[in-house]
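Each chain, written out:
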Amino acid sequence: MNKPLKIYNASAGSGKTYQLVLQFLRLILSNQSDNSIKEIIAMTFTNKAANEMKERIITSLFGLANYSEIKDNTILGYFNQLKEDGYSEKEIFSRSKKQLKKLLHAYEDFHVMTIDKFNLKLIRQFSRDLDLPGKFEVILDEKEIIEQSIDLLIDNIGKKKHALSTSLVYNYAKNNIDEGKRWDIRNQMLDFLQILNKENYFSKISELKNKKTNPNSISEWNKKINSINSTYIEKCTKAFLLFQQLNIEDDSLPGKSTVGNQLRKMGKFRSLKENINISTINACKKDTPKGRTFPEQLKQIILDANLYREKNTSKFELLSLLKSNYYKISLLRFVSNEINNIKNENQLIRISEFNKLVSILIQDSSTPYIYEKIGTKYKHFLLDEFQDTSRLQWLNMIPLIEESISTGNINFIVGDPKQAIYRFRNGMAEQFVELPKIYNPENFSHLKRSSELFEASGINEELEVNRRSGMEIIKFNNFLFEHLSKELLNNSSFYHSSTQKTHRKNIGYVHLVSHKLEEKKQIERQVDYIEKYIL
């Protein structure tokens, strides 16, 4: 069945760009009207990819229009595909020549761009509707404006109208000194404020900015942390003292020095962060072997201390996170105000705001009205690198694509969840995995209705043949992804169609080098903990 929404799962080297160019050629050769090129829009993730696709389309059209003079395997492939579609050689030559001439004479109607550029086009056309300045500039380096806002916050210390923020900055610096950290808060704030660029935190940040913090909270959290620590230390010390009193030799214990050394360490514990090793816990849970000494009373005290730690670890971590991030959260609204002042004074828009602004636009305007404003009605959407599309970007695209497929127009979505490398820029590969259904973890009712149409109109196809890599490389990748699909339970669906077939005859070579990576701070994880407690 020929369905209007085609989804290609395209692993590395499987001819993704080839397919996209082929589909573009099919669309413009099948429609000879004046608007045929203007009605197609192809979107990808980077400017480099967009420029490469533009070049491939123009080169291919030129090759087809002058086929007798150019000997190129790729163009030969397009030529044969189009002949299989039912075109005669004469039709391919004449139609390609006509469309190439049309494209070059109206190059502004050749819409191959990044999603951000498409969003910018919408925002500029609707700047009045969105209450934006007429001539705004886009900030690509968002770190720069965040740094400026923190510097302004620090520059305002001591000024009368900034008494509250001054007090918070002073106490923040003092708290850092008390904890043996650097008093300079700038870098800590800069790390924390990267959440301002994260789509999934936008709604939470809005709530946090308007939430008043209680200066007595830190004292209360400290009391709870100290209470948890004291109880745990008391239980661990009790185990150590009994062990000392019983005067048991390490060689008499099950596990020998492993258990003995652990018991001696328990006498020096100063925080819930210090854990009892698994060998000691297992020895406590098992019957004591013959010839060994491990009194039941001592076992129970150790297990009691471990159970207390297990029950209180989540609470302890949450309280510690709240305490360490209290000043950052408290200063969030002041920094946010400074960012808004900088934007207003310089007529700036942060690139991370694009999707949010377009979301407002899409929700408040009908699709025909949007097309009327931008002067073009797109009938065909070709979306590349879909695994890196963010949640808001996809939600913004759905109404436009929905109108297209509802009238039977052809649309293409290409992606590979295994190559999802832009989660740090809000990419969400789960959306591609779910297609043709619409990924809807929020259970929005309007998306359920749209999803029914997408599912009925969509078909998935696998590009299985790797035309780029040698046999050993493909064999290794197949083995690796098959193994990962079993180990990575949460994302196993990313690898359900990962097996590739070989095309090239060369063998290839794989060499693995392993480097131990330093564990980095997980800001997002901290915010998740905090929002559960505060909001």
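Up top is the structure.
Quick caveat, the model's predicted, so the values are computed rather than measured.

Visitor: What exactly am I supposed to notice about the overall build of the protein here?
Guide: Within the protein, the secondary structure is distributed over 20 helices and 10 strands. Expressed as a percentage of the 535 residues in the protein, the buried residues total 47%. A total of about 29,200 Å² of accessible surface is found on the protein, and carbon and sulfur atoms cover 48% of it.

Visitor: How should the pattern of salt bridges be read in this particular structure?
Guide: Side-chain pairing between opposite charges can occur once the charged atoms of the two side chains come close. Taken as a whole and judged by the stated rule, the model has 13 salt bridges. With its nearest N and O atoms 2.9 Å apart, the salt bridge here joins Glu442 to Arg391. Within this pair, whereas Glu442 is found in the loop between α17 (430-434) and α18 (445-457), its partner Arg391 is found in helix α16 (residues 391-406), the two being separated by 51 residues in sequence. Taking relative accessible area as the criterion, Glu442 reaches 37% and is therefore assigned partly exposed. Here Arg391 falls in the buried class, since its relative accessible area comes to 9%. Several salt bridges converge on common partners, so that one network encompasses Lys16, Asp384 and Glu385.

Visitor: Got a minute to help me understand helix α13 (residues 296-346) in this structure?
Guide: Because an α-helix packs 3.6 residues into every turn, residues spaced three or four apart end up facing the same way. Between the first and last C-alpha of α13 there are 72 Å, a value that for 51 residues agrees with the 75 Å anticipated at 1.5 Å per step. At Asn325, α13 shows its strongest bend, of approximately 50 degrees. One or two residues past the end of α13 sits Gln347, with phi positive at roughly 55 degrees.

Visitor: What's the story with the sheet that holds strand β1 (residues 5-10) in this structure? I'm lost.
Guide: Sheets are built from strands paired through backbone hydrogen bonds, the pairs being either parallel or antiparallel. One open sheet holds the 6 strands; their spatial order is β3-β2-β6-β7-β1-β8, and the pairing between them is parallel. Edge positions in the sheet fall to β3 (111-114) and β8 (458-463), since each of these pairs with one other strand and no more. Across the sheet, the mean angle from the axis of one strand to that of its neighbour is 15 degrees, orientation sign disregarded. Where strand β6 (residues 380-383) lies against strand β7 (residues 411-415), 2 bridges are found, and the strand directions are parallel. Bridge pairing in β7 links Leu383 to Ile413. Sitting on the sheet, helix α1 (residues 16-30) is in contact with β1, β2 (40-44), β3, β6, β7 and β8, with an inclination near 170 degrees to β6. Seen against the sheet, α18 touches β1 and β8 and runs at an angle of roughly 55 degrees to β8.

Visitor: What is the right way to look at unusual backbone geometry in this model?
Guide: Of all residues except glycine, most have a negative phi; of all peptide bonds, most are trans. The linkage connecting Leu435 with the following residue, Pro436, adopts the cis geometry, with an omega of 10 degrees. Along the polypeptide, Pro436 turns up in the loop between α17 and α18. You will see that Asn443, though not glycine, has its phi angle at about 60 degrees, which is positive. Relative to the helices and strands, Asn443 resides in the loop between α17 and α18.

Visitor: Looking at this structure, how should I read the environment of Gly508?
Guide: Within the secondary structure, Gly508 is located in the loop between β10 (501-502) and α20 (523-534). Judged by its relative accessible area of 32%, Gly508 is partly exposed. In sequence terms Gly508 and Lys475 are 33 residues apart; their C-alpha atoms lie 9.9 Å from each other. Aside from chain neighbours lying at most four places away, what touches Gly508 is Gly470, Glu472 and Ile473.

Visitor: It is not clear to me how the packing of aromatic side chains should be interpreted in this structure. Could you clarify?
Guide: Aromatic ring pairs are described here by two measures, namely the spacing of the ring centres and the angle between the planes. In the structure shown here, the tally under the stated rule is 14 aromatic pairs. Ring geometry for Trp394 against Phe454: centres 6.0 Å apart, planes inclined by 85 degrees, an arrangement best described as edge-to-face. With Trp394 in helix α16 and Phe454 in helix α18, this residue pair connects regions lying 60 residues apart in the sequence. Of the two residues, Trp394 and Phe454, both sit in the buried class. Directly above the ring of Phe136 sits Arg124, whose terminal nitrogen or CZ lies 4.4 Å from the centroid.

What counts and how
Residues numbered from 1 in each chain as written. Predicted model: local features only at pLDDT ≥ 70, side-chain atom pairs only at ≥ 80, totals over all residues. Heavy atoms only, no water. Helix = DSSP H or I, 4+ residues; strand = E, 2+ residues; numbered from the N terminus. Buried < 20%, exposed > 50% of the residue type's maximum accessible area, 1.4 Å probe, protein only. Areas by Shrake-Rupley, 256 points an atom, 1.4 Å probe, with all protein chains shown as cover. Salt bridge = Lys/Arg side-chain N within 4 Å of Asp/Glu carboxyl O. Expected span 1.5 Å × (residues − 1). Bend = angle between axes of the 7 residues up to and from the residue. Pairing = 2+ DSSP bridges. Axes fitted to C-alpha atoms, helices over the stretch in contact; angles between N-to-C directions. Contact = heavy atoms within 4.5 Å. Phe/Tyr/Trp six-rings, centres within 6.5 Å; stacked < 30°, edge-to-face > 60°. Lys NZ or Arg CZ within 6 Å of the ring centre and 35° of its normal.

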